[in-house]
Amino acid sequence: MMGLTETNMINKNKKVLLFGFLSTITASLLLVSNAQAESPYEENQAKQASKLAAYLKFTKIVSIIEEQYVDDLNASDIIDKALKGLLSNLDAHSSFMDAKESKELQVQTNGEFGGLGISVGMKDGALTVIAPIEGTPADKAGMKANDIILKINDQATIGMTIDKAVSLMRGKKGTPIQLTVIRKGELKPLIFDIIRDIIEIQSVYAKTIGDNILYLRITSFDQKVVSSMKKAIKEHPEAKGIIIDLRNNPGGLLNQAIGTVDMFVDHGIIVSQKGKMADENLIYNATPDNSDTKTPLVILVNDGSASASEIVSGALQDHKRAIIVGEKTFGKGSVQVVMPVGNNEALRLTIARYYLPSGRTIQAVGVTPDIEVAYGEIKKAEEGISIKERDLQMHLESELQKVDGIKKDDEKKKNKDKSVITEEQIYKDAQLKSAVDILKALMINKK
């Protein structure tokens, strides 16, 4: 017992001596840093001294953990854990990736994999669905923007990084996954059983409303968005007004967002990017070539509209080129890069933020619509049937044809309906109804 006690005392004395030495250095450096800087040289020396004191503090804590923590950890493990904590505390999008995570990111970027078709982000510390992509397994299962994912299979997402969550949700085509979700307005968590699939996205859908309104639904900003939009507009020369629906569009390629705005604006800033490094400060301007500055525009957004969608809606709003209708957008306006740091490890770091033409930021703020409209259905009063006696026979014959199914153009009508938004569909979507009414007013005013 004596030997054990003496050994502990000797070890503790060594630690006291070591910490006393480090404390002396730190105190000396802090005295220098607190001294009144009378010149740029002295100010720089104070900064360097402060930085060195911080490094010494970090080294001291790593040493304590390595020597005294209950489980065995080497310095490399401790540093990796510290880096993960450091990056995750900077913002929701920065992260340190070890060799395994870095390799998984490469597979996600370059390989073919099965997925769910949702874009996720961190909102108030919770893993949140930005938007399900139209037509994907998650969308068909009924997932919605702002759903909070509580569990992925049996793993809780509390404290989980976005990279880890995405890695768990991706997998082989045809394999099952279960998501436990918290949704606003629901009394208990919802459970979604989804089968992974290869995600193939049609990014632009074109439909008509009435005789002279073109409706363009953009599900995500992939590399074909601008060309698809131009093709749709060319195929509908009768259109006197355009509705661009960016609801539940999680974003995509910056150049496609810029190209979309450039189609309707002929001068000025579209978006700027500002960071600490000079080469990260970029300005993207509109060009006068083939820009349509006259056709009335209405943009639909909601809380599932993020990133590139916010750049498009915000820029067109700042240029007073479009009326924005719907709900406040998600608020994702930062730029990340992935940088290798050796040993197959990598750093994903936020290096800049996007700013709209007026100078306002998108990050954590989003775009507020000019006219806020909640999603819902508009109840329409049903019209009573009033038939004059002379029209009765004709009406009954028409109804009989519908019942017997002998209308020859039924199939043709169905195919046509896929590219047409009916009045009934409009009344089931209060935001779209508002957009149509506003656009009609703009079209009348233009005349």
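Attention now goes to the overall build of the protein. Looking only at helices and strands, the protein has 13 helices and 19 strands in total. Sequence-distant contacts, at least 24 apart, represent 67% of the contacts inside the protein between residues at least 6 apart. Surface exposure of the protein reaches about 27,000 Å², of which carbon and sulfur atoms provide 54%.

With that settled, the discussion passes to the sheet that holds strand S15 (residues 297-301). The strand order S10-S11-S12-S15-S16-S19 describes an open sheet built from 6 strands, whose pairing is mixed. At either margin of the open sheet sits one strand with a lone partner, and together these are strand S10 (204-209) and strand S19 (371-372). With 6 bridges joining them, S10 and strand S11 (residues 213-218) adopt antiparallel strand pairing. Looking at the pairing, tyrosine 205 lines up with arginine 217 of S11. Against the sheet, helix H13 (residues 430-446) contacts S10, S11, strand S12 (241-245), S15, strand S16 (323-326) and S19, and its axis sits at roughly 165° relative to S15.

Attention now goes to the pairing of strand S3 (residues 118-123). Taken across its 6 residues, S3 has 5 buried, putting it largely inside the fold. One ladder, built from 6 bridges, connects S3 with strand S4 (residues 126-132); its direction is antiparallel. Considered in S4, the bridge of valine 120 is made with valine 129. Here S3 folds back onto S4 in antiparallel fashion, the turn holding 2 residues, of which aspartate 124 has a positive phi close to 55°.

Turning our eyes to something else, we now look at helix H7 (residues 225-234). Restricting attention to buried positions, one finds in H7 the residues Val225, Val226, Met229 and Ala232. Along the long axis of H7, the arc covered by the buried residues comes to 130°, so they all point the same way. Seen from the open side of H7, the exposed residues pointing more than 90 degrees away from its buried face are Lys231 and Lys234. Where the residues of H7 are buried, they touch S10, S11, S12 and helix H8 (254-262).

Next up on the list: the pattern of salt bridges. Working definition: two side chains of opposite charge can pair if their charged atoms are close together. In total, this model carries 9 salt bridges according to the counting rule given. The residue glutamate 101 makes a salt bridge to lysine 84 at a minimum N-O spacing of 2.6 Å. Of the two residues, glutamate 101 sits in helix H4 (residues 99-110) while lysine 84 sits in helix H3 (residues 75-90), which places them 17 residues apart along the sequence. Exposure remark for glutamate 101: the relative accessible area of 23% places this residue in the partly exposed category.

Moving on, we get to the pairing of strand S8 (residues 190-195). Burial along S8 is one-sided: the residues Leu190, Phe192 and Ile194 are buried and none of Ile191, Asp193 and Ile195 is. With 6 bridges joining them, strand S7 (residues 176-182) and S8 adopt antiparallel strand pairing. Of the residues in S8, the one forming a bridge with leucine 179 is phenylalanine 192.

Each packed pair of helices is defined by two parameters, the angle between the axes and the distance between the axes. Where helix H2 (residues 40-68) contacts H3, the axes come no closer than 10 Å and their chain directions differ by 125°. By the angle between their directions, the pair H2 and H3 is classed as oblique. As H2 runs across H3, the sense of the crossing is right-handed. Of H3, the residues touching H2 (which contributes Phe58, Val62, Ile65 and Glu66) are Ala75, Ile78, Ile79 and Ala82. Here the residues of the contact of H2 with H3 are counted per class, giving 7 nonpolar, no polar and 1 charged.

Of all hydrophobic cores here, the largest spans 39 residues; its most connected members are Ile218, Met229, Ile244, Leu246, Phe264, Ile299 and Leu316. Mapped by element, the contributors of at least two residues to this core are S11, H7, S12, H8, strand S13 (269-275), S15, helix H9 (308-318) and strand S18 (345-355). If you tally residues by element for this core, the top one is H9, at 5 residues. In this view, phenylalanine 264 contacts Met229, Ile233, Ile242, Ile244, Asp292, Thr293, Leu297, Leu316 and Arg321; residues no more than four positions away in its chain are not counted. Core analysis: the next-biggest nonpolar cluster, separate from the first, contains 21 residues, Ile118, Leu127, Met143 and Met160 among them.

Quick look at H13 now. Relative to the 24 Å expected for 17 residues at 1.5 Å per residue, H13 spans 24 Å between its end C-alpha atoms, a close match to the ideal helical length. Of all the positions in H13, only Ala430, Gln431, Leu432, Lys433, Ala435, Val436, Ile438, Leu439 and Met443 are classed as buried. Where H13 begins, the side chain of aspartate 429 points an oxygen toward the backbone nitrogen of glutamine 431, at a separation of 3.2 Å.

Gaps left between atoms show up when a probe the size of a water molecule is rolled over them. Here the second largest pocket is characterised by a volume of approximately 1,200 Å³. Ranked by residue count, the leading element in the lining of the second largest pocket is S4, at 3 residues. Residue composition of the lining of the second largest pocket, by class: 12 nonpolar, 7 polar and 15 charged.

Cut-offs and rules
Residue numbering note: each chain is counted from 1, following its sequence as written. Totals for whole chains, interfaces and linings use all residues, but because this is a predicted model, local features are given only for residues with pLDDT of at least 70 and pairs of side-chain atoms are given and counted only at 80 or more. To get the side-chain values, all heavy atoms of the structure are used, and hydrogens and water are removed first. Only DSSP runs of H or I with at least four residues qualify as helices, and only runs of E with at least two residues qualify as strands; both kinds are numbered from the N terminus onward. By definition in these notes, contact holds between two residues if any of their heavy atoms fall within 4.5 Å. Each accessible area is a Shrake-Rupley result for a 1.4 Å probe, and residues are judged covered by the shown protein chains and nothing else. Note on pairing: DSSP must find at least two bridges between two strands before they are called paired. Whenever a helix is involved, its axis is fitted only over the stretch in contact; in every case the axis is a line through C-alpha atoms, and angles between N-to-C directions fall within 0 to 180 degrees. Categorising residues by exposure relies on relative accessible area from a 1.4 Å probe, with only protein chains included: less than 20% of the type maximum marks a residue as buried, more than 50% marks it as exposed, and the intermediate range marks it as partly exposed. The directions considered for the arc run from the helix axis to the C-beta atoms. Here, a salt bridge means any Lys or Arg side-chain nitrogen found within 4 Å of an Asp or Glu carboxyl oxygen. Each angle is binned into one of four classes, with values under 35 degrees roughly parallel, values over 145 roughly antiparallel, values of 65 to 115 roughly perpendicular, and all other values oblique. The sense of a crossing depends on the near helix, which, turned anticlockwise from the far helix by less than a right angle, makes the crossing left-handed and, turned clockwise, makes it right-handed. Gly counts as polar in this scheme, as do all residues outside two lists: the nonpolar Ala, Val, Leu, Ile, Met, Phe, Trp, Tyr, Cys and Pro, and the charged Asp, Glu, Lys and Arg. Nonpolar cores are built from buried Ala, Val, Leu, Ile, Met, Phe, Trp, Tyr and Cys residues. Side-chain atoms within 4.5 Å join them into one set. Given the number of residues in a helix, its expected span is that number minus one, multiplied by 1.5 Å. Two N or O atoms form a polar contact when they lie within 3.5 Å of each other; inside protein one atom must be a possible hydrogen donor and the other a possible acceptor, and for residues adjacent in sequence the pair counts only when both atoms belong to side chains. Put simply, the grid is 1 Å and covers the protein atoms alone, a cavity is a trapped set of points that fit a 1.4 Å probe, a pocket is an open set with protein on both sides within 12 Å along at least five of seven lines, and lining residues have an atom within 4 Å of a point. Grid points are joined across faces, edges and corners, and a volume is the space filled by probe spheres set on the points.

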